[in-house]
Amino acid sequence: MGIARLLAKGWIVFCLFAGAHALRLALISGLPLESSSFAIGVCAVLFMAMGLLFVGGFGASAGHSGTPWLAGLRPHHLIPGFNEAVFMVFVTLSFLNQALVAPGIIDRGVAGALENAVYYVVPGQRALVHALEDCTLDGGRAFAAAFAWLLGIVYLASAASRLKLQAGLIRLEAGDRVQPLGPTLRAFLFGTVAVVAIQFLFVGSAYPWLACSAFADITGAVLTGLAPLMLAYLIVAALASLMAAAPEK
């Protein structure tokens, strides 16, 4: 997977997820659906277009032969693969859990067991719980994060079984179209970003830096509901790029 396409997909998912939570918070605050949905939709589309403009500029820089970036776009590029489809289903499940389920089942039965299990396995979950306790906030946020980590781990395990196939697709794409970065450098960049993200999210170094107000708005919703899944997706992309950079046997 090229860097431009990964950035484009990640930015679109981020904008849609943040926009959905913005609409949810607007409805909770009592704003009418008609006005809030239009305003938030316009903002989400503008932010999405802004990000895609920069990503498109980066992708266009790969055209050493003078071929426009859009000329390399094919209809099958718009169809999500199996990993992408599973990722989108998991993102949707995470959002629905945050919006509809988590606020009502705090520390109850299976929810409490899942929170305890993820609390033991993921250091970032412990850092998040301590930060929420210091801010006297919960409202299902700890369970939402635990559920997102569970989905992220399941996605990572599922996608890891198809790494060779994804690496082969990356080699085929590299042969069909000139890439702005070589396979080794691309794998290095993906790996570096993944290591930094692991430190911030899985280890939990980012949570003590956040103000209490951040956990109550869209920032906290994205960190607890989307960030674990994005981290898993990034790790898969880094591993697949690393395998694609290795010599074929």
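Anyway, here's the lowdown on the structure attached to this text. Please read these numbers as outputs of a predicted model, since none were measured by experiment.

1. Some details on the overall build of the protein chain
- A tally of helices and strands in the protein chain yields 11 helices and 0 strands.
- Residue burial in the protein chain is summarised as follows: out of 249 residues, 39% are buried.
- By sequence separation, contacts in the protein chain at least 24 residues apart represent 83% of the contacts at least 6 residues apart.
- Summed over its atoms, the accessible surface of the protein chain is roughly 13,300 Å², and 74% of this surface lies on carbon and sulfur atoms.

2. Some thoughts on the state of the cysteines
- Across all of its chains, the model carries 1 disulfide by this definition.
- Each sulfur of the disulfide joining Cys135 and Cys212 lies 2.0 Å from the other. Because the torsion about its S-S bond is -80 degrees, the bridge between Cys135 and Cys212 counts as left-handed. Here the residue Cys135 occupies a position in the loop between α5 (123-134) and α6 (141-160), and Cys212 occupies one in helix α9 (residues 212-215), the gap between them amounting to 77 residues.
- On the accessibility criterion, Cys135 (14% relative accessible area) is buried.

3. Observations regarding unusual backbone geometry
- One non-glycine residue, Thr136, lies in the positive phi region at around 50 degrees.
- Relative to the helices and strands, Thr136 is located in the loop between α5 and α6.
- Taking relative accessible area as the criterion, Thr136 reaches 70% and is therefore assigned exposed.

4. Some words on the nonpolar core
- Within the largest apolar cluster, 55 residues are counted, with the highest numbers of intra-cluster contacts made by Phe87, Val91, Tyr155, Phe190, Leu201 and Phe215.
- No other element matches helix α11 (residues 227-245), which puts 12 residues into this core.

5. A closer look at α5
- Over its 12 residues, α5 extends 17 Å from the first C-alpha to the last, a length consistent with the 16 Å expected when each residue adds 1.5 Å.
- Within α5 the residues assigned to the buried category are Gly124, Gln125, Ala127, Leu128, Val129, Ala131 and Leu132.
- After α5 finishes, the residue Thr136 shows a positive phi value of roughly 50 degrees.

6. What about the layout of surface pockets?
- Approximately 210 Å³ is the volume found for the second largest pocket.
- Lining the second largest pocket are 16 residues, and of these Arg24, Gln98, Gly139, Arg141 and Ala221 sit closest to its centre.
- Mapped by element, the contributors of at least two residues to the lining of the second largest pocket are α1 (3-28), α6 and α10 (218-225).
- Each residue belonging to the lining of the second largest pocket can be placed in one class, and the counts come to 7 nonpolar, 6 polar and 3 charged.

7. Brief notes about a nonpolar patch on the surface
- A surface patch of nonpolar side chains, about 320 Å² in accessible area, is lined by Phe38, Val42 and Leu46.
- Checked against the element boundaries, Val42 lands in helix α2 (residues 33-60).

8. Observations concerning the environment of Val89
- Counting through the fold element by element, Val89 comes out in helix α3 (residues 82-101).
- Sequence separation between Val89 and Leu151 is 62 residues, and the spatial gap between their C-alpha atoms is 10.0 Å.

9. Description of the packing of α1 against α11
- For the pair α1 and α11, interaxial distance at closest approach is 12 Å and the crossing angle is 170 degrees. With respect to α11, the axis of α1 lies roughly antiparallel. Side by side, α1 and α11 meet where Leu6, Lys9, Gly10 and Val13 of the first sit next to Met230, Tyr233, Leu234 and Ala237 of the second.
- Here the contact of α1 with α11 is built from residues that sort into 6 nonpolar, 1 polar and 1 charged.

Definitions and limits used
Residues numbered from 1 in each chain as written. Predicted model: local features only at pLDDT ≥ 70, side-chain atom pairs only at ≥ 80, totals over all residues. Heavy atoms only, no water. Helix = DSSP H or I, 4+ residues; strand = E, 2+ residues; numbered from the N terminus. Buried < 20%, exposed > 50% of the residue type's maximum accessible area, 1.4 Å probe, protein only. Contact = heavy atoms within 4.5 Å. Areas by Shrake-Rupley, 256 points an atom, 1.4 Å probe, with all protein chains shown as cover. Disulfide = S-S within 2.5 Å. Core = buried A, V, L, I, M, F, W, Y, C linked by side-chain atoms within 4.5 Å. Expected span 1.5 Å × (residues − 1). 1 Å grid on protein atoms, 1.4 Å probe; cavity = no way out; pocket = protein on both sides within 12 Å on 5 of 7 lines; lining within 4 Å. Points joined across faces, edges and corners; volume = space filled by probe spheres on them. Nonpolar A, V, L, I, M, F, W, Y, C, P; charged D, E, K, R; others polar. Patch = residues over 30% accessible without salt bridge, like charges linked within 9 Å, V, L, I, M, F, W, Y side chains within 5 Å. Salt bridge = Lys/Arg side-chain N within 4 Å of Asp/Glu carboxyl O. Axes fitted to C-alpha atoms, helices over the stretch in contact; angles between N-to-C directions. Parallel < 35°, antiparallel > 145°, perpendicular 65-115°, else oblique.

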